[in-house]
Amino acid sequence: MNEIINVIKTRRSIRRFLPEQIKEEELKTIIEAAIHAPSGHNEQPWHFTVIQNKELLDHFNSVIKKLMSESEVEWISAIGRNEKAHIFHNAPTVIIVSGRKSAYSALVDCSAATQNMLLAAHSLGIGSCWIGLVNFLFKIKEEAQKLSIPEGYEPFYAVALGYPDPSKQPRPIERKKDVVNYIK
Ligand SMILES: Cc1cc2nc3c(=O)[nH]c(=O)nc-3n(C[C@H](O)[C@H](O)[C@H](O)COP(=O)(O)O)c2cc1C
């Protein structure tokens, strides 16, 4: 099978990581993949904050889980209360993806960049997980300030990255097939 199709079809969200840090070269390649994503009007309105500080990630995890535990949405509060849950799945690297507020389609452009990172990571044997729940962190000004996001940008998502723990990996999942119609 074509290599890119194979990477797309075999990628899964990885939630069990080895503690070992990914190589600098690999991180660079993943960011390169992100910045080669398409963007509306070629604005490239993204910014990436790379966090490799375990103490800070664990702190953010606690802050997020506390807020989540107060949610009225049951599955969200259940994760917040679950002592074993870690929002970043204990990944050694987390990248926060932010978009320029004034851009034409910042959220979509940043999502394309995020998907590029997941695919690039997988192609390098690095596990990844798109983390939407990080948005609880962004609601608290003093915590969000710790990310030093440039003026005029807003954080959207995080990507957790690390070497997959080979003993605990997900199997392929069924995909909905009935999602296309053809007009010829
Ligand atoms: C916008 C978005 C937000 C997500 N947020 C989270 C998250 O906070 N935590 C998590 O573990 N997975 C998160 N995921 C991963 C999805 O759960 C995952 O992609 C989905 O279950 C399909 O599994 P797969 O990625 O292995 O194909 C998110 C995915 C997307 C696209």
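Residues numbered from 1 in each chain as written. Predicted model: local features only at pLDDT ≥ 70, side-chain atom pairs only at ≥ 80, totals over all residues. Heavy atoms only, no water.

Student: With reference to specific residues and values, describe unusual backbone geometry.
Tutor: Phi is positive for His41, close to 55 degrees, though the residue is something other than glycine. Within the element layout of this structure, His41 appears in the loop between α2 (24-35) and β1 (46-51). Backbone geometry at Asn90 places phi at a positive 60 degrees, although glycine is not the residue there. Structurally, Asn90 can be placed in the loop between α4 (74-81) and β2 (93-100). Judged by relative accessible area, Asn90 falls into the partly exposed class, the value being 45%. (Helix = DSSP H or I, 4+ residues; strand = E, 2+ residues; numbered from the N terminus. Buried < 20%, exposed > 50% of the residue type's maximum accessible area, 1.4 Å probe, protein only.)

Student: With reference to specific residues and values, describe the sheet that holds strand β3 (residues 127-131).
Tutor: The strands that make up a sheet are held in pairs by hydrogen bonds between backbone atoms, and each pair lies either parallel or antiparallel. Overall, antiparallel pairing links the four strands, which are arranged β1-β2-β4-β3 in an open sheet. The open sheet is flanked by β1 and β3, the only strands paired with a single partner. Averaged over all adjacent pairs, the angle separating strand axes in this sheet is 25 degrees, with direction ignored. Strand direction decides the pairing type here: β2 and strand β4 (residues 153-162), joined by eight bridges, are antiparallel. Bridge pairing links Gly99 to Glu154 in β4. Along the sheet, α2 contacts β1, β2 and β4; its crossing angle with β1, the most-contacted strand, is approximately 160 degrees. Set on the sheet, helix α5 (residues 106-123) makes contact with β1, β2, β3 and β4; between it and β4 the angle comes to about 10 degrees. (Pairing = 2+ DSSP bridges. Axes fitted to C-alpha atoms, helices over the stretch in contact; angles between N-to-C directions. Contact = heavy atoms within 4.5 Å.)

Student: Could you give me a rundown of the pattern of salt bridges, with the residues and numbers involved?
Tutor: According to the stated counting rule, one finds five salt bridges in the structure shown. The partner of Glu74 in a salt bridge is Arg81, with the nearest N and O atoms 3.4 Å apart. Accessibility assignment for this pair places Glu74 and Arg81 in one class, exposed. (Salt bridge = Lys/Arg side-chain N within 4 Å of Asp/Glu carboxyl O.)

Student: Quick one: what's the story with the pairing of β3, residue by residue and with numbers?
Tutor: Counting buried residues in β3 gives four out of five residues, a clear majority hidden from the surface. Here β3 runs beside β4; their pairing, made up of five bridges, is antiparallel. Across the sheet, the residue bridging to Cys129 is Ala160, located in β4.

Student: Account for the site of the ligand, with residues named and values stated.
Tutor: With respect to spatial proximity, 13 residues lie near the ligand, and among them Arg12, Ser13, Arg15, His89 and Arg175 are the closest. A distance of 2.8 Å is found between an oxygen atom of the ligand and a side-chain nitrogen or oxygen belonging to His89. Protein chains shield 67% of the accessible area of the ligand, which is 620 Å² for the free molecule. Looking at the shell around the ligand, the element that brings in the most residues is β3, giving three residues. (Near = heavy atom within 4 Å. Polar contact = N/O pair within 3.5 Å; in protein donor to acceptor, adjacent residues only side chain to side chain. Areas by Shrake-Rupley, 256 points an atom, 1.4 Å probe, with all protein chains shown as cover.)

Student: Go over the side chain of Ser39, please, and point to the residues and values.
Tutor: Within the fold, Ser39 resides in the loop between α2 and β1. Classification of Ser39 as buried rests on a relative accessible area of 16%. There is a polar contact of 3.2 Å between the side chain of Ser39 and the backbone nitrogen of Glu43. In contact with Ser39, not counting residues within four places along its chain, are Gln44, Pro45, Trp46 and Asp109.

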